[in-house]
Amino acid sequence: TQLLEQSPQFLSIQEGENLTVYCNSSSVFSSLQWYRQEPGEGPVLLVTVVTGGEVKKLKRLTFQFGDARKDSSLHITAAQPGDTGLYLCAGIGIQGAQKLVFGQGTRLTINP
Amino acid sequence: EAGVTQSPTHLIKTRGQQATLRCSPISGHTSVYWYQQALGLGLQFLLWYDEGEERNRGNFPPRFSGRQFPNYSSELNVNALELEDSALYLCASSSRAGVGTDTQYFGPGTRLTVL
């Protein structure tokens, strides 16, 4: 069974600070996705990383896929209150995107 | 273009009852996925339907079942409800089943509470 461990589970920081969320597994994934979920809504896809070592940037968010394709990180620079939400990583196994394996999520709170 | 829609928004049942949750995918999408998101946990994969057939299911007991209709909408049925079935049930759809990194688009979910 493929599992994804996300850390930290909860993070509360001040506006302007930087933060990193980690997503780790002992399994290899063909690719990894990061989602953000707001209260009362479903998760929304932020990015998909496919190649080992790949780095993608989305404004102040930087996503990295580990060289061995077993882990990923999300780094937010100069966090803003609008970044508050639940961040989820999801792994896509070799069988394709039919069965995403999700981490437990990181609940991020940015205080003004 | 309308996104994935789910109904009802909230559902309250008692132990032993049955619950039926509904999902309409994005127009043109043939695959529908169901996930359970219990409080404090990530999403757990429940079922995948494509072209009217169940293609895969997660580690859930048989009392979790569903179907996909000719118009690609889907319903999830949970029989003999237990307290631990209380969760947010999310439906997602995608356009090309079985293709690499095809994106799943999620609906807002149905909050099921079992008393």
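Whatever comes next refers back to the structure up there.
Each chain has its residues counted from 1, running along the sequence as written. As a convention, the first chain written is A and the first ligand written is 1, with the rest following in written order. Only residues with pLDDT of at least 70 get local features here, since the model is predicted, and only at 80 or more are side-chain atom pairs given and counted; chain-wide, interface and lining totals rely on the full set of residues. Water and hydrogen atoms were dropped before computing side-chain values, which therefore reflect all heavy atoms in the structure.

A.B. asks: I keep staring at the interface of chain B and chain A and nothing clicks. Help me out?
C.D. replies: Interfaces are often described in size by the accessible area the parts lose on coming together. We call two residues contacting when some pair of their heavy atoms lies within 4.5 Å. Each side of the interface is counted separately: chain B has 22 residues, and chain A has 23 residues. Defined here as a combined quantity, buried area equals the accessible surface (1.4 Å probe) lost by two parts on assembly, summed across both. Together chain B and chain A conceal approximately 1,600 Å² of surface at their shared face, both sides included; 57% is due to carbon and sulfur atoms. Note on definitions: salt bridges are taken to be side-chain nitrogens of Lys or Arg within 4 Å of carboxyl oxygens of Asp or Glu. Inspection of the region where chain B meets chain A yields zero salt bridges. Only DSSP runs of H or I covering at least 4 residues are called helices, and only runs of E covering at least 2 are called strands; the numbering of each starts at the N terminus. Looking at the side of chain B that touches chain A, the elements with two or more residues in it are strand 4 (31-37), strand 5 (43-50), strand 6 (53-57) and strand 9 (87-94) of chain B.

A.B. asks: Got a minute to help me understand the side chain of B:T110 in this structure?
C.D. replies: All names here are of chain B. Its location among the elements puts T110 in strand 11 (residues 110-114). The term polar contact refers here to a pair of N or O atoms within 3.5 Å; inside protein, the definition further demands a hydrogen-donor-capable atom paired with an acceptor-capable atom, and it admits residues adjacent in sequence only when both atoms are side-chain atoms. At a separation of 2.6 Å, a polar atom in the side chain of T110 contacts the main-chain carbonyl oxygen of P8. Each residue touching T110, except ones within four places of it in the same chain, is listed here: Q6, S7, P8, T9, L11, L21, A87, L88 and Y89.

A.B. asks: I would appreciate a short explanation of the packing of aromatic side chains in the present structure.
C.D. replies: The description of an aromatic ring pair rests on the distance of the ring centres and on the angle between the ring planes. Pairs were defined over the aromatic rings of Phe, Tyr and Trp, the Trp ring being its six-membered one, requiring ring centres within 6.5 Å. Orientation was assigned from the angle between planes: stacked under 30 degrees, edge-to-face over 60, tilted for the rest. For the structure on display, the rule yields nine aromatic pairs over all chains. With a centroid separation of 5.6 Å and an interplanar angle of 90°, the aromatic rings of A:Y35 and B:F106 are classed as edge-to-face. Here B:F106 lies in strand 10 (residues 105-106) and A:Y35 lies in strand 4 (residues 31-37), a pairing that spans two chains. Of the residues examined, B:F106 reaches a relative accessible area of 11% and is grouped as buried. Ring plane angle 70° and centroid distance 5.9 Å describe the contact between B:Y35 and B:F45, whose orientation is recorded as edge-to-face. On the criterion of sequence distance, the pair formed by B:Y35 in strand 4 and B:F45 in strand 5 is long-range, its members being 10 residues apart. The rule is simple: take the accessible area with a 1.4 Å probe, protein chains only, and divide by the maximum for that residue type; under 20% is buried, over 50% is exposed, in between is partly exposed. Judged by relative accessible area, which is 0%, B:Y35 ranks as buried. Here B:F45 falls in the buried class, since its relative accessible area comes to 6%. Grouping aromatic residues by their ring pairs yields a cluster made of A:Y35, A:F102, B:Y35, B:F45 and B:F106.

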